[in-house]
Amino acid sequence: MLSYRHSFHAGNFADVLKHSVLVHILEHLQKKEKPFCYIDTHAGAGRYVLSSEQAEKTQEYKQGIAKLWQAQDLPPMVADYVARVKCFNTQNDLQHYPGSPLIAGQCMRPQDQLFLYELHRTDVELLRTVMRHDRRVHIYHADGFKHCMGLLPPSQRRGLILIDPSYELKTDYDQVWETLLKLHKRFATGTYALWYPVVERERINQLEAKIQASTLNNIQLFELGQQADNAAWGMTASGMIVINPPWTLAAAMQLALPYLAMQLGVCAQGYYRIKQLKEE
Ligand SMILES: C[S@@+](CC[C@H](N)C(=O)[O-])C[C@H]1O[C@@H](n2cnc3c(N)ncnc32)[C@H](O)[C@@H]1O
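It should be emphasised that the depicted structure is a prediction, and the values quoted were computed from it without experimental measurement.

S.K.: Would you mind going over the overall build of the chain with me for this structure?
M.R.: Counting secondary structure elements, the chain contains nine helices and 10 strands. In terms of overall size, the chain behaves like a compact globule, its C-alpha atoms giving a radius of gyration of 17 Å where 280 residues would be expected to give roughly 19 Å. Based on the C-alpha atoms only, the size of the chain along its principal axes is roughly 45 × 45 × 40 Å. Across the 280 residues of the chain, 44% fall into the buried class. Put simply, of all contacts in the chain between residues at least 6 apart along the chain, 78% involve residues at least 24 apart.

Given below as structure tokens:
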């Protein structure tokens, strides 16, 4: 039984990083006319109301998107992301936060397709409601780790696969890597974006070591921390590991991450990491 609900966390500092990277990759894929696909293995509910009981309980968005909402000095990549979020809000009031499926849908064209997996019964119904008018979208109430395998290689031969589990199950740390290896075997030229939380640093060290020891190439890591590692605190940082990133991503992150670390860090402890995990 899954208990994680993204509605408690929507728009937090981890979403800011994840969705800024998402927008950048999808905007890059649009530069060629040829269609592409977007696969979201853990899609969530699609849209979040920030005045909901869940969001109000944690108020995590106040340390994330809310801190960027009125800013006039955003780095280009962050400005692109905030502009996308603004499309889901009226009169410049921050009331709604779009999840990855809605943001992706907004960045994609009529010829592109979205494949969304969500296992939570309530959230998959919410997702269906949110995406119901979009004919490019295919939604599955299924295990995204397992079922997305069958979609690869996609007929478009171009695409982004976002792997964004909640890590509610500790087995997720191994499963993300095993899944990535299998997916990459089927579709080696695809772009993969894997989100990870820093709760116990050792788990991320192990993941990085496995990636570095693997035969996969062309992998970059981007991490944004609110504060120094502190296992007693919970999630202090999160990161995105991107396989086959657009050539523009690292330079955009070099501008975005110092700014985000400064704005979203707690008690001036914000930090970032950019690492080329594997060369091209
Ligand atoms: C971090 S949230 C996703 C957030 C979303 N990608 C976004 O950025 O807006 C993780 C979601 O994965 C769902 N989930 C957990 N295990 C899953 C699985 N094996 N397959 C598909 N969905 C799963 C959870 O119910 C939760 O809604």
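S.K.: Any chance you could explain the site of the ligand here in plain terms?
M.R.: Within the structure, the ligand sits among 21 residues, and His42, Gly44, Gly99, Ser100 and His120 are positioned closest to it. Along the lines of polarity and charge, the residues of the shell around the ligand split into seven nonpolar, eight polar and six charged.

S.K.: When you look at the nonpolar core in this model, what are you seeing that I'm missing?
M.R.: Burial of nonpolar side chains together is a common tendency in soluble globular proteins. Counting 80 residues, the largest nonpolar core has Leu26, Ala193 and Leu194 as the members making the most contacts within it. Per-element tally for this core: the top contributor is helix α1 (residues 13-29), with 10 residues. Setting aside residues up to four positions removed in sequence, Leu26 forms contacts with Tyr38, Ala104, Cys107, Met108 and Leu160.

S.K.: Help me understand the environment of Ala55 in this model?
M.R.: With respect to the helices, strands and loops of the structure, Ala55 is situated in helix α2 (residues 53-58). Sequence separation of Ala55 and Phe8 is 47 residues, and the distance between their C-alpha atoms is 4.7 Å. Sequence-distant contacts of Ala55, that is, excluding residues within four places in its chain, are made with Ser7, Phe8, Ala10, Tyr48, Val49, Leu50 and Tyr61.

S.K.: Whenever I open this one, the sheet that holds strand β7 (residues 191-198) confuses me. Can you help?
M.R.: What holds strands together in a sheet is hydrogen bonding between their backbones, with the strands either parallel or antiparallel. Taken in spatial order, the eight strands of this open sheet run β5-β4-β1-β6-β7-β9-β8-β10, and their pairing is mixed. The open sheet is flanked by β5 (137-140) and β10 (271-278), the only strands paired with a single partner. Adjacent strand axes in the sheet meet at a mean angle of 15° when their direction is disregarded. Here strand β1 (residues 37-40) runs beside strand β6 (residues 159-163); their pairing, made up of four bridges, is parallel. In the strand pairing of β6, Asp40 is matched with Leu162. Strands in contact with helix α7 (residues 172-186) are β6, β7 and β9 (237-243); relative to β7, the strand with the most contacts, it is inclined by about 175°.

S.K.: Teacher, can you tell me more about the packing of helix α3 (residues 76-86) against helix α9 (residues 249-264) here?
M.R.: Helix-helix packing is described using two parameters, namely the angle between the two axes and the distance between the axes. Where α3 contacts α9, the axes come no closer than 7 Å and their chain directions differ by 75°. Our classification of the angle between α3 and α9 gives roughly perpendicular. Of α9, the residues touching α3 (which contributes Pro76, Met77 and Val78) are Ala252, Leu255, Ala256, Tyr259 and Leu260. Here the residues of the contact of α3 with α9 sort into eight nonpolar, no polar and no charged.

Thresholds applied
- Residues numbered from 1 in each chain as written.
- Predicted model: local features only at pLDDT ≥ 70, side-chain atom pairs only at ≥ 80, totals over all residues.
- Helix = DSSP H or I, 4+ residues; strand = E, 2+ residues; numbered from the N terminus.
- Rg over C-alpha atoms; globule rule 2.2 N^0.38 Å.
- Buried ≥ 20, exposed ≤ 12 C-beta atoms within 10 Å, placed from the backbone.
- Contact = placed C-beta atoms within 7 Å.
- Near = placed C-beta within 6 Å.
- Nonpolar A, V, L, I, M, F, W, Y, C, P; charged D, E, K, R; others polar.
- Core = buried A, V, L, I, M, F, W, Y, C linked by C-beta atoms within 7 Å.
- Pairing = 2+ DSSP bridges.
- Axes fitted to C-alpha atoms, helices over the stretch in contact; angles between N-to-C directions.
- Parallel < 35°, antiparallel > 145°, perpendicular 65-115°, else oblique.

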